[in-house]
Amino acid sequence: MKNFKLLTFLLCMTLISFNEAKAQVDVTVNPVGLLWGSFNGSADFALSENMSVEGQLGVTFGDFGGDKYLGIPITVYGKYYFNPKNGADKFYGDVFTRFVRRSYNPENSDKYSNTRFGLGFGLGYKIVSDGGFVFDIGTGVGRALVNKDSDDLNLESLTNLMFVGKLAIGYRFGG
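Please read these numbers as outputs of a predicted model, since none were measured by experiment.

Engineer: Would you take a moment to explain the packing of aromatic side chains for this structure?
Structural biologist: What describes a pair of aromatic rings is the distance from one ring centre to the other and the angle between the planes of the rings. In the structure shown here, the tally under the stated rule is five aromatic pairs. Their ring planes at 75 degrees and their centres at 5.4 Å tell us that Y80 and F82 sit as a pair that is edge-to-face. Using a relative accessible area of 39% as the deciding quantity, one classes Y80 as partly exposed. For the pair F82 and F91, a centre-to-centre distance of 5.4 Å together with 25 degrees between the ring planes defines the contact as stacked. A residue is classified by how much of its surface remains accessible, and F91, at 39% relative accessible area, is partly exposed. One residue, K79, lies across the ring of Y92, its end atom 4.4 Å from the ring centre.

Printed below as a string of structure tokens:
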């Protein structure tokens, strides 16, 4: 995990240095996820008018009658904007890579954990106002290349599909 954080930090710093004078970063959060105990925050770095790289970090937690759940998804998107108006906005297609670590601790049973890593693609639409307000909605589907359970139950391995969704609001810095 420390190596991933260092790699993410170095990637972000590299992207910012490539964009020196016109660095543009969209910082967003997904407020709807809070209704289900999930928080996701992301930073989208514009590489050009038509391309950006977004890093997203989340945490999902819950306590269901003594049964505790914790999930930590990390997702990196590469986005291509088909007809941008304000740079890195409007309709886009993306490819993503996603790492998810989940643990479930039932009150009357053994702890269960699952680790998944996968690749996929998606579509979305981003609106950026003249004042810098950002609204981003998107969805995607992918395949888990690694799907490892802590035991032989193989509950999560019934499907190797991975789904991503985004309904986020935020602000554009720079640009």
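Engineer: What is the right way to read the sheet that holds strand 3 (residues 51-64) from this model?
Structural biologist: Pairing between the strands of a sheet comes from backbone hydrogen bonds, and it takes one of two forms, parallel or antiparallel. Read around the closed barrel, the eight strands follow the order 1-2-3-4-5-6-7-8; overall the barrel is antiparallel. Pairwise comparison of adjacent strand axes, ignoring direction, gives a mean angle of 25 degrees for this sheet. Relative to strand 7 (residues 133-149), strand 6 (residues 112-128) is paired through 15 bridges, and the arrangement is antiparallel. The residue of strand 7 that forms the bridge with L119 is R143.

Engineer: Got a minute to help me understand the confidence of the model for the chain in this structure?
Structural biologist: The predicted model of the chain has a mean per-residue pLDDT of 84, with 83% of residues at 70 or higher. Within the chain, strand 1 (residues 24-29) carries the highest mean pLDDT (95), whereas helix 1 (residues 2-18) carries the lowest (52).

What counts, and where the lines are drawn
- Residues numbered from 1 in each chain as written.
- Predicted model: local features only at pLDDT ≥ 70, side-chain atom pairs only at ≥ 80, totals over all residues.
- Heavy atoms only, no water.
- Phe/Tyr/Trp six-rings, centres within 6.5 Å; stacked < 30°, edge-to-face > 60°.
- Buried < 20%, exposed > 50% of the residue type's maximum accessible area, 1.4 Å probe, protein only.
- Lys NZ or Arg CZ within 6 Å of the ring centre and 35° of its normal.
- Pairing = 2+ DSSP bridges.
- Helix = DSSP H or I, 4+ residues; strand = E, 2+ residues; numbered from the N terminus.
- Axes fitted to C-alpha atoms, helices over the stretch in contact; angles between N-to-C directions.
- pLDDT = per-residue confidence, 0-100.

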